[in-house]
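# Fold and geometry: a report
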Amino acid sequence: MKTIVGIRFKKPGKIYFFDPGNIDLQIDDCAIVDTANGVEYAEVAIANKQISEERIVEPLRKVIRKASHKDKKHYEENKKKEKEAFEIAQKKINEHKLDMNLTDVEYKFDNSKITFYFTADGRIDFRDLVKDLAAIFKTRIELRQIGVRDEVRRIGGNGVCGRELCCCSFLNKFDAVSIKMAKEQNLSLNPSKISGNCGRLMCCLKYEQEAYEDKLSKLPKIGAIVKTNDGEGTVDSVETLKEILRVKFKDGDGYFYKKYKASDIKVIKDVEKEEIGEEEKQNMKELQEIEKLTNQEEDI
């Protein structure tokens, strides 16, 4: 067993394990830590605790000290400087007529580097901009392109569910999401209904996907021919999580419908692929482009 402390650099954000040494740290304390990119100011998300060494990725970096009042004051001063740097950088971007959207500025705790975050549709030649910014701030400058999902995470907001956006409250990273997930969860293949504030596929499509995949592996598809106590019929709709099927029966010149538990029917002939409606077909091209953009941004 080894003693660790969980450190988070941004809220929300991924929690990293650090070696606290002899320093006692509690949740919501702040600490100065040694990282691969230098000394950083961060928040304690997990108090000192012991975990098995199998869960630790070596080498485990160290906590330098618990943040003092002086450290906190310096951190707050950097936050003020970030706002000023944002305005200066935006002015320079306009002067160079660059097609990029500045979203955030971040000072290193020791002021050794300033990172400017931006979004853009393609590659941007910002070499002259970097030279100008380096001359103004007299320190190392980094410009980092991010995706629109990261941009919305930084801005914040509420989702269609009425709650704070997942990326702003608890998501540590963005997972790949797909149109297939929406289809398997019986959601409308309508871009406006399955896209988030960022214009990309909603992150929450991922949450229940494993449960749906498990259920769907046991259920016939819409259009399958099944045998019931009332005779043979065709599966008309599926309530996946409840494992209930609505079956359509021929009744003279018309049809009637009845619901059954999946365990109470026998599949005579399943279908390989479900058909989608004309409206959904028209939406597919737009959705495929959204899906491509969504998952491309994982690598930015």
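Our structure is the block above this text.
This write-up is about the structure you can find in this document. (Residues numbered from 1 in each chain as written. Predicted model: local features only at pLDDT ≥ 70, side-chain atom pairs only at ≥ 80, totals over all residues. Heavy atoms only, no water.)

## Quick look at the sheet that holds strand E8 (residues 140-145)
Taken together, the 3 strands give an open sheet; going across it, the order is E6-E7-E8, and neighbouring strands pair in mixed fashion. Each edge of the open sheet carries a strand with a single partner, namely strand E6 (101-107) and E8. The mean inter-strand angle of the sheet, taken between neighbouring strand axes irrespective of direction, is 20°. On the sheet, helix H2 (residues 127-137) packs against E6, strand E7 (113-119) and E8 and is oriented at approximately 140° with respect to E8. (Pairing = 2+ DSSP bridges. Helix = DSSP H or I, 4+ residues; strand = E, 2+ residues; numbered from the N terminus. Axes fitted to C-alpha atoms, helices over the stretch in contact; angles between N-to-C directions. Contact = heavy atoms within 4.5 Å.)

## Remarks on the nonpolar core
Formed by 17 residues in total, the largest nonpolar core has its most connected members in Met100, Phe116, Leu133, Phe137 and Leu143. Of all elements in the fold, only helix H1 (69-95), E6, E7, H2 and E8 reach the threshold of two or more residues within this core. Those residues in contact with Phe116 that sit more than four places away from it in its chain are Ala85, Ala89, Leu102, Asp104, Val105, Leu133, Phe137, Ile141, Glu142, Leu143 and Arg144. In this structure, Val177, Met181, Met202 and Leu205 belong to the second largest nonpolar core, which totals 12 residues. (Core = buried A, V, L, I, M, F, W, Y, C linked by side-chain atoms within 4.5 Å. Buried < 20%, exposed > 50% of the residue type's maximum accessible area, 1.4 Å probe, protein only.)

## Details of the pairing of strand E9 (residues 225-228)
Of the two faces of E9, only the one carrying Val226 and Thr228 is buried; Ile225 and Lys227 on the other face are not. Looking at chain direction, E9 and strand E10 (residues 231-239) are connected through 4 bridges and run antiparallel. Bridge pairing in E10 links Lys227 to Glu232. In textbook terms, the turn of a hairpin is the stretch between consecutive antiparallel strands, and for E9 and E10 this stretch comprises 2 residues. Relative to strand E13 (residues 266-269), E9 runs antiparallel, the two sharing 3 bridges.

## Things to note about H1
The end-to-end C-alpha distance of H1 is 40 Å, a good match for the 39 Å that 27 residues give at a rise of 1.5 Å each. Here H1 has its buried residues at Asp71, Asn78, Glu82, Ala85, Ala89, Lys92 and Ile93. Each element contacted by the buried residues of H1 is listed here: strand E3 (30-35), strand E4 (38-51), strand E5 (63-66), E6, E7 and H2. One or two steps after H1, the chain reaches Lys97, where phi turns positive at roughly 55°. (Expected span 1.5 Å × (residues − 1).)

## Observations concerning the packing of aromatic side chains
Inspection of the entire model under this criterion finds 9 aromatic pairs. Site record: aromatic cluster; members linked through ring pairs are Phe9, Tyr16 and Phe18. The cationic tip of Arg153 hangs over the ring face of Phe174; the distance from NZ or CZ to the ring centre is 4.8 Å. Over the face of the ring belonging to Tyr255 we find Lys248, whose NZ or CZ atom lies 4.8 Å from the ring centre. (Phe/Tyr/Trp six-rings, centres within 6.5 Å; stacked < 30°, edge-to-face > 60°. Lys NZ or Arg CZ within 6 Å of the ring centre and 35° of its normal.)

## Side note on the sheet that holds strand E2 (residues 15-18)
What holds strands together in a sheet is hydrogen bonding between their backbones, with the strands either parallel or antiparallel. Strand order in the open sheet formed by 5 strands is E2-E1-E4-E3-E5, with antiparallel pairing between adjacent strands. A strand with exactly one partner marks an edge of an open sheet, and here the two such strands are E2 and E5. Neighbour to neighbour, the strand axes of the sheet diverge by 45° on average, direction disregarded. Sheet topology note: the E3/E4 ladder contains 6 bridges and is antiparallel. Note on E4: the bridge partner recorded for Ile32 is Tyr41.

## As for the pattern of salt bridges
Applying the stated criterion across every chain, the model contains 19 salt bridges. The shortest N-O distance in the salt bridge between Asp71 and Arg65 comes to 2.9 Å. With relative accessibility at 7%, the residue Asp71 sits in the buried group. Lys258 is the salt-bridge partner of Asp230, the closest N and O atoms lying 3.1 Å from each other. (Salt bridge = Lys/Arg side-chain N within 4 Å of Asp/Glu carboxyl O.)

## Observations regarding unusual backbone geometry
Its identity as a non-glycine residue notwithstanding, Lys138 has a phi of 55°, on the positive side. Along the polypeptide, Lys138 turns up in the loop between H2 and E8.

## Let's talk about the environment of Ala262
Mapped onto the elements, Ala262 comes out in the loop between strand E12 (254-261) and E13. The class of Ala262 is buried, set by a relative accessible area of 15%. Sequence separation of Ala262 and Thr228 is 34 residues, and the distance between their C-alpha atoms is 10.0 Å. When neighbours within four sequence positions are excluded, Ala262 is seen to be in contact with Leu219, Glu243 and Leu245.

## Comments concerning the packing of H1 against H2
Contact geometry of H1 with H2 gives a least axis separation of 10 Å together with a crossing angle of 145°. Relative to H2, H1 is oriented so that their crossing is right-handed. Seen from H1, the contacting residues are Ala85, Ile88, Ala89, Lys92 and Ile93; seen from H2, they are Leu129, Asp132, Leu133, Ile136 and Phe137. The class makeup of the residues in the contact of H1 with H2 is 8 nonpolar, no polar and 2 charged. (Left-handed = near helix turned anticlockwise from the far one by under 90°. Nonpolar A, V, L, I, M, F, W, Y, C, P; charged D, E, K, R; others polar.)

## Section: the state of the cysteines
What makes a disulfide is a covalent bond joining the sulfur atoms belonging to two cysteines. Tallied over the entire structure, the rule returns 0 disulfides. Free of any disulfide, Cys166 has its nearest cysteine sulfur in Cys204, 5.9 Å distant. Judged by its relative accessible area of 23%, Cys166 falls in the partly exposed class. Cys168 takes part in no disulfide bond, and the closest cysteine sulfur, belonging to Cys167, lies 3.9 Å away. A relative accessible area of 11% means that Cys168 is categorised as buried. (Disulfide = S-S within 2.5 Å.)

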